[in-house]
Amino acid sequence: MKRRAFIQAPAALIAGMALSSVALAQGSNFPSKPIRLVVPTSPGSMSDSVARLYGERIAKVLKQPVVVENMPGAGTLMAMRHLARATADGYTLSVSSNSVVTMPYVDKNAGYRPSDLTGVSNLASAPMVLVVSGASPFKTLGDLVAAAKKEPDAITYASVGIGTVTHVPVELFSRAAGIKMTLVPYKGTPLALPDVATQRVTLIMGTTSSVGELIKTGKLRALAVTSEARSPALPNVPTFAELGYKAANYDLFLGLMAPAKTPPAVLKLLADAAAEAKKDPEVLKQLEQLGQELPAQVTPEQFNDFLRREEETMKKLVKEANIQVGML
């Protein structure tokens, strides 16, 4: 037994060294051609803006072009299916939001699993903001909850799709508060905001960049933010946690993703390039202008731990709330 273990140990060591050498070889000449950065939304969207901002800086670090390719459709699924099926060599990446770990549980025909992908770097983070019309009778979140409990389903909210970042935070809040609200579908947040401002729809969850100006002009009123701490962009707006709804905490993230089997050496080069981009003062300035912040997750390991926790939260929510495509 001891002799067999003694013989097997060096063999395992040699095999490990061989695999390590292969990984290093795969990473040593990377990149030798342009990198495609697939975005699951249209040009001008938040994901698109962040992808182009980082793509330009990563290209300078790696000395190869980073080509942003917009691939909207099927509620982000078209781009994610494409990424999951791409050759795992680091030349096809994506900038994705929370929906990357949510949609496979919302849509049985998603065409990929979260385990098919891996996180490279968390690029940007921002809270969602619950807003009502500036003329709404709801001055506080407590007012809204009281009205929803008094008249179930009478409170309406705008959303751009089941499982999206305009839908999931509302579900988290509704469940935490023990209320029910009615979803009103829209093709985009810009189309929904005028209806919220004129009280045709009660509320919407939006990013600080999408609702900030309307809050400043008084057309919208912010009742709460989903971040753990108050947003620097809206310092006078309380968090859901402050108001007793910690379960409604929700970080909107935009992360650099790759196929799961991408060689570790390649992933490290990509992660290091993204880390360099985060040191650029111009990147920080533009993220601030977009209402985004640098995420707390610094390393790829921290980002993937965050993705796993997010996946478990969404899996549980989708099951308990019976959230699925076609529920409307």
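To start, this report covers the structure provided alongside it. (Residues numbered from 1 in each chain as written. Predicted model: local features only at pLDDT ≥ 70, side-chain atom pairs only at ≥ 80, totals over all residues. Heavy atoms only, no water.)

**Overview of the overall build of the protein chain**
Consideration 1: For the protein chain, the helix and strand inventory stands at 11 helices and 9 strands.
Consideration 2: Against the globule reference of 20 Å for 328 residues, the protein chain gives a C-alpha radius of gyration of 22 Å, in line with a compact fold.
Consideration 3: Overall size of the protein chain, expressed as C-alpha extent along the three principal axes, is 75 × 50 × 35 Å.
Consideration 4: Taken across its 328 residues, the protein chain has 51% of its residues classed as buried. (Helix = DSSP H or I, 4+ residues; strand = E, 2+ residues; numbered from the N terminus. Rg over C-alpha atoms; globule rule 2.2 N^0.38 Å. Buried < 20%, exposed > 50% of the residue type's maximum accessible area, 1.4 Å probe, protein only.)

**A closer look at the environment of Val95**
Consideration 1: Mapped onto the elements of the fold, Val95 is located in strand β3 (residues 92-96).
Consideration 2: The buried category is assigned to Val95, whose relative accessible area is 1%.
Consideration 3: Sequence separation of Val95 and Leu256 is 161 residues, and the distance between their C-alpha atoms is 4.7 Å.
Consideration 4: Excluding its chain neighbours within four sequence positions, the residues that come into contact with Val95 are Leu37, Val38, Val39, Pro40, Ser47, Ala51, Leu123, Leu254, Gly255 and Leu256. (Contact = heavy atoms within 4.5 Å.)

**As for the packing of helix α2 (residues 46-62) against helix α10 (residues 281-289)**
Consideration 1: Following both chains from N to C, one finds α2 and α10 inclined at 180 degrees, their axes separated by 11 Å at the closest point. The angle between α2 and α10 falls in the class roughly antiparallel. For the pair formed by α2 and α10, the contact residues are Val50, Leu53, Tyr54 and Arg57 on the first element and Glu282, Val283, Gln286 and Leu287 on the second.
Consideration 2: Its residues assigned to classes, the contact of α2 with α10 shows 5 nonpolar, 1 polar and 2 charged. (Axes fitted to C-alpha atoms, helices over the stretch in contact; angles between N-to-C directions. Parallel < 35°, antiparallel > 145°, perpendicular 65-115°, else oblique. Nonpolar A, V, L, I, M, F, W, Y, C, P; charged D, E, K, R; others polar.)

**Considerations on the nonpolar core**
Consideration 1: With 51 residues, the main nonpolar core has Leu130, Leu141, Leu144, Phe173 and Phe240 as its most contacted residues.
Consideration 2: Excluding residues that lie within four positions of it along the chain, Phe240 makes contacts with Leu130, Leu141, Phe173, Met205, Ala224, Val225, Thr226, Tyr245, Lys246 and Ala248.
Consideration 3: Counting residues in each nonpolar core, the second largest holds 31 residues, with Ile35, Leu37, Leu123 and Leu267 among its members. (Core = buried A, V, L, I, M, F, W, Y, C linked by side-chain atoms within 4.5 Å.)

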